[in-house]
There are 2 protein chains.
Amino acid sequence: MDESRFLEQYDIHRFDVPLTTIDVVCFSLVGETLHLLLARRAHMPFHGAWALPGGFIDLAVDGNLDDTVVRKVAAKTGIRMSYLEQVETIGNADRDPRGWSVTCLYLSLLDPQSREDQQVDQKHETRWVALDDLDALALAFDHDLLVEKAVARLRSKARYSSLPLHLLAETFTLQQAQRVFELVLGTRLEKKSFRRRLGEAAILEETGETLATRTRGAALYRLRPDHREHLFPRTIG
Amino acid sequence: MDESRFLEQYDIHRFDVPLTTIDVVCFSLVGETLHLLLARRAHMPFHGAWALPGGFIDLAVDGNLDDTVVRKVAAKTGIRMSYLEQVETIGNADRDPRGWSVTCLYLSLLDPQSREDQQVDQKHETRWVALDDLDALALAFDHDLLVEKAVARLRSKARYSSLPLHLLAETFTLQQAQRVFELVLGTRLEKKSFRRRLGEAAILEETGETLATRTRGAALYRLRPDHREHLFPRTIG
DNA sequence: TTGAATAGTGGCATAGCGCCACTATTGTGT
DNA sequence: ACACAATAGTGGCGCTATGCCACTATTCAA
């Protein structure tokens, strides 16, 4: 038998295969609190329970795994995420009552502007939950564990990369930038150290505007257009 | 319908699902050259081509993804890896001619002692190939890309973590340790900087022995028993 | 005893974060 | 106009870990 005939006759339905899915922990700031996106499960198992957005790959529609992630989040919320990164893949016999299951876990960051523009409401059965309020909910599957892994990744990268900047609106002050890092890390940072770091990284540009306040207005910045991630030479905090 | 009935009737064979596999880039030093393990494919597609060890999850045998990796490498070589780490998961419609395919890529490190003890030979259709000789081979699937990703991860972590130490035999001199980092990074390192770093990390212990050479013998060290990975405060080189 | 070869150390320069006090700018109340 | 409150932004030194280079220490062999 040659290879083309083999491929013609190949039928995956004959094999015992795992369930393969993606799940996303989508972070965004609501005021000064880190929130993440949950969706109510519309089908069994765990029907009616809160869970991370995610689900099966649509072989006919998705070109790759990232496509699946984008499609799943968009279907639930209409949201276009500003940052997307793969965290880890968890696969074992126990995590899904339907059987052996593999999920590819993603982390995404969404700026508050985009979040408010989007339709997260009753109809979509989605909601933003503060990280601290998660314990009160019993998430479906092992999604508690998945959230833990994503949070750990976010916190870890906040120490040495520019990643948390994607949680900011399009323009922002340096103080707001510092605050975002502080919220993610859970510690206060030194103003001078933070500004020096960010300045030397050369990843921001001034808009020329200043934020109107009661007192001296702070200069507004935006991420340089091409910027995705900067790695600092040392950790902070 | 309640959930237990739903689960009883659930049959994954009815759905269009991707192929889900694992692949491993298993590194080891042969002399002073970084090599990786390849296995000749025994089945279609790419029958007879060289490929990374890996394959399908055995739902009846494997408890989780790591089990699959260990089983696959052991089946091909009898090798028990000293270090194992997940790199990234690649999934798309094009990488496998049988259809939509997801692979979870692992990196593993093997010390030269264990490698020599194990049966990597004609019968198993496996071989160790120098990284630089890879271009001459046309690896199956997208395994060139997978190797590239694993190498990038190894090089990157050599700059700030103790990971390359797992490429050493059970006991080793500080010079040998330095040499391993140099081989992985592809640059020379300063003797003093390297030793100071390793010393302050406190991850080694002296055996008390010295290596017998023609001249002054260097002290022998081993990894502290519980050690898996140390993160240095700054990057080297 | 001396030299070759490798093992291991002393000591100062440098880069980037920690820290604290200082100056600068703007709105408000008198 | 002027002083004050409040926030924005900077100067400058200390600390830590790496870069660098020269120096001392140990061992074997001639």
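Residues numbered from 1 in each chain as written. Chains lettered and ligands numbered in written order. Predicted model: local features only at pLDDT ≥ 70, side-chain atom pairs only at ≥ 80, totals over all residues. Heavy atoms only, no water.

- Going by an unreviewed UniProt entry, chain A carries the name NUDIX hydrolase and comes from Sulfidibacter corallicola.

## Observations regarding the protein's contact with DNA strand D
Move 1: In the neighbourhood of DNA strand D, 22 residues make up the surrounding shell, with Gln175, Lys191 and Lys192 of chain A together with Arg214 and Arg234 of chain B lying closest.
Move 2: Among the atoms of DNA strand D close to the protein, meaning within 4 Å, 52% are from sugar or phosphate groups.
Move 3: A distance of 3.1 Å separates a phosphate oxygen of DNA strand D from a polar atom in the backbone of alanine 219 of chain A.
Move 4: Contacts to DNA strand D include arginine 216 of chain B, whose side-chain N or O atom sits 2.9 Å from a base nitrogen. (Near = heavy atom within 4 Å. Polar contact = N/O pair within 3.5 Å; in protein donor to acceptor, adjacent residues only side chain to side chain.)

## Observations regarding the packing of aromatic side chains
Move 1: Inspection of every chain in the model, using the stated rule, returns eight aromatic pairs over all chains.
Move 2: Taken together, a centroid distance of 5.3 Å and an interplanar angle of 65° make the contact between phenylalanine 181 of chain B and phenylalanine 194 of chain B edge-to-face. Of the two residues, phenylalanine 181 of chain B sits in helix 5 (residues 174-185) while phenylalanine 194 of chain B sits in helix 6 (residues 191-201), which places them 13 residues apart along the sequence.
Move 3: Ring pairs connect the aromatic residues Phe6, Tyr10 and Phe15 of chain A, which therefore count as one cluster.
Move 4: One Lys or Arg, arginine 197 of chain A, reaches over the ring of phenylalanine 232 of chain A and ends 4.0 Å from the middle of that ring. (Phe/Tyr/Trp six-rings, centres within 6.5 Å; stacked < 30°, edge-to-face > 60°. Helix = DSSP H or I, 4+ residues; strand = E, 2+ residues; numbered from the N terminus. Lys NZ or Arg CZ within 6 Å of the ring centre and 35° of its normal.)

## Points about the interface of chain A and chain B
Move 1: Counting residues at the interface gives 39 residues for chain A, matched by 39 residues for chain B.
Move 2: Summed over both partners, the interface of chain A with chain B comes to about 3,500 Å²; 65% of that surface belongs to carbon and sulfur atoms.
Move 3: For chain A, the biggest contributors to the area lost against chain B are His13, Met44 and Trp100 of chain A; these three give 19% of the whole.
Move 4: Applying the counting criterion to the chain A and chain B interface returns zero salt bridges.
Move 5: The interface formed by chain A and chain B holds 14 residue pairs in polar contact (both at pLDDT 80 or more) in total.
Move 6: Mapped by element, the contributors of at least two residues to the side of chain A that touches chain B are helix 1 (3-9), strand 1 (19-30), strand 5 (83-92) and strand 6 (101-109) of chain A.
Move 7: In terms of residue count, strand 5 of chain A provides more of the side of chain A that touches chain B than any other element does, six residues in total. (Contact = heavy atoms within 4.5 Å. Buried area = accessible area lost by both parts, 1.4 Å probe. Salt bridge = Lys/Arg side-chain N within 4 Å of Asp/Glu carboxyl O.)

## Considerations on the domain arrangement of chain A
Residue and element names in this part refer to chain A.
Move 1: Here chain A is described as being made up of domain 1 (9-157) and domain 2 (159-223).
Move 2: Of note, the centres of domain 1 and domain 2, computed from C-alpha atoms alone, are 29 Å apart.
Move 3: Contacts between the two partners involve 17 residues from domain 1, matched on the other side by 14 residues from domain 2.
Move 4: Across the interface of domain 1 and domain 2, roughly 1,500 Å² is buried in total on both sides, 63% from carbon and sulfur atoms.
Move 5: Among the residues of domain 1 in contact with domain 2, Glu32, Arg155 and Lys157 are the three that bury the most area, contributing 37% of the side total.
Move 6: Where domain 1 packs against domain 2, one counts one salt bridge.
Move 7: Between the two partners, domain 1 and domain 2, sit six residue pairs in polar contact (both at pLDDT 80 or more).
Move 8: Elements with a minimum of two residues in the side of domain 1 that touches domain 2: strand 1, strand 5, helix 3 (112-117) and helix 4 (143-158).
Move 9: Sorting elements by how many residues they give to the side of domain 1 that touches domain 2 places helix 4 first, with four residues.
Move 10: Looking at the side of domain 1 that touches domain 2 residue by residue, the class counts come to eight nonpolar, four polar and five charged. (Domains from an automatic or database assignment. Nonpolar A, V, L, I, M, F, W, Y, C, P; charged D, E, K, R; others polar.)

## Some points on the pattern of salt bridges
Move 1: What the rule picks out here adds up to 26 salt bridges over all chains.
Move 2: Residues arginine 222 of chain B and glutamate 170 of chain B are paired through a salt bridge, measuring 3.9 Å at the closest nitrogen-oxygen approach. A residue pair is termed long-range when its members are at least 10 positions apart, and arginine 222 of chain B in strand 10 (residues 219-223) and glutamate 170 of chain B in the loop between helix 4 (143-158) and strand 8 (171-172) qualify at 52 residues.
Move 3: On the basis of relative accessibility, which here comes to 52%, the residue glutamate 170 of chain B falls in the exposed class.
Move 4: When the shortest N-O distance is used, the salt bridge between arginine 222 of chain B and glutamate 205 of chain B registers 3.4 Å. With arginine 222 of chain B in strand 10 and glutamate 205 of chain B in strand 9 (residues 204-210), the pair connects residues that are 17 residues apart, well separated along the chain.
Move 5: Glutamate 205 of chain B sits in the partly exposed class, given a relative accessible area of 25%.
Move 6: Each of the salt bridges in this network shares a partner with another, and the network as a whole consists of Glu32, Arg179, Glu182 and Arg188 of chain A. (Buried < 20%, exposed > 50% of the residue type's maximum accessible area, 1.4 Å probe, protein only.)

## Regarding the packing of helix 5 (residues 174-185) of chain A against helix 6 (residues 191-201) of chain A
Residue and element names in this part refer to chain A.
Move 1: The interhelical angle for the contact between helix 5 and helix 6, taken along N-to-C directions, is 105°, at an axis separation of 11 Å. When the axis of helix 5 is compared with that of helix 6, the two are roughly perpendicular. Seen from helix 5, the contacting residues are Leu174, Gln175, Ala177, Gln178 and Phe181; seen from helix 6, they are Lys191, Phe194, Arg195 and Leu198.
Move 2: Residues of the contact of helix 5 with helix 6, tallied by class, amount to five nonpolar, two polar and two charged. (Axes fitted to C-alpha atoms, helices over the stretch in contact; angles between N-to-C directions. Parallel < 35°, antiparallel > 145°, perpendicular 65-115°, else oblique.)

## A closer look at unusual backbone geometry
Move 1: Cis peptide bonds are those with omega within 30 degrees of zero, and the linkage from methionine 44 of chain A to proline 45 of chain A qualifies with -5°.
Move 2: Mapped onto the elements of the fold, proline 45 of chain A is located in the loop between strand 2 (33-40) and strand 3 (50-51).
Move 3: With phi around 60°, phenylalanine 46 of chain A is a residue other than glycine that occupies positive phi space.
Move 4: Within the secondary structure, phenylalanine 46 of chain A is located in the loop between strand 2 and strand 3.
Move 5: Non-glycine residue alanine 202 of chain B carries a positive phi angle of around 55°.
Move 6: Alanine 202 of chain B gets classed as partly exposed once you look at its relative accessible area, which sits at 44%.

## So, the environment of aspartate 135 of chain A
Move 1: In this fold, aspartate 135 of chain A is placed in the loop between strand 7 (126-130) and helix 4.
Move 2: The sequence separation of aspartate 135 of chain A and arginine 195 of chain A amounts to 60 residues, and the corresponding C-alpha distance is 35 Å.

## Quick notes on the protein's contact with DNA strand C
Move 1: Around DNA strand C, the surrounding shell holds 22 residues, and the nearest of these are Arg214 and Arg234 of chain A together with Gln175, Lys191 and Lys192 of chain B.
Move 2: Backbone sugar and phosphate groups make up 51% of those atoms of DNA strand C lying within 4 Å of the protein.
Move 3: Between DNA strand C and arginine 214 of chain A, the relevant distance is 2.6 Å, taken from a sugar or linking oxygen to a main-chain nitrogen or oxygen of the residue.
Move 4: One of the side-chain N or O atoms of arginine 234 of chain A is found 2.7 Å from a sugar or linking oxygen in DNA strand C.
Move 5: The set of elements that each furnish at least two residues to the surface near DNA strand C consists of helix 6 of chain A together with helix 6 of chain B.
Move 6: Residue composition of the surface near DNA strand C, grouped by class: four nonpolar, six polar and twelve charged.

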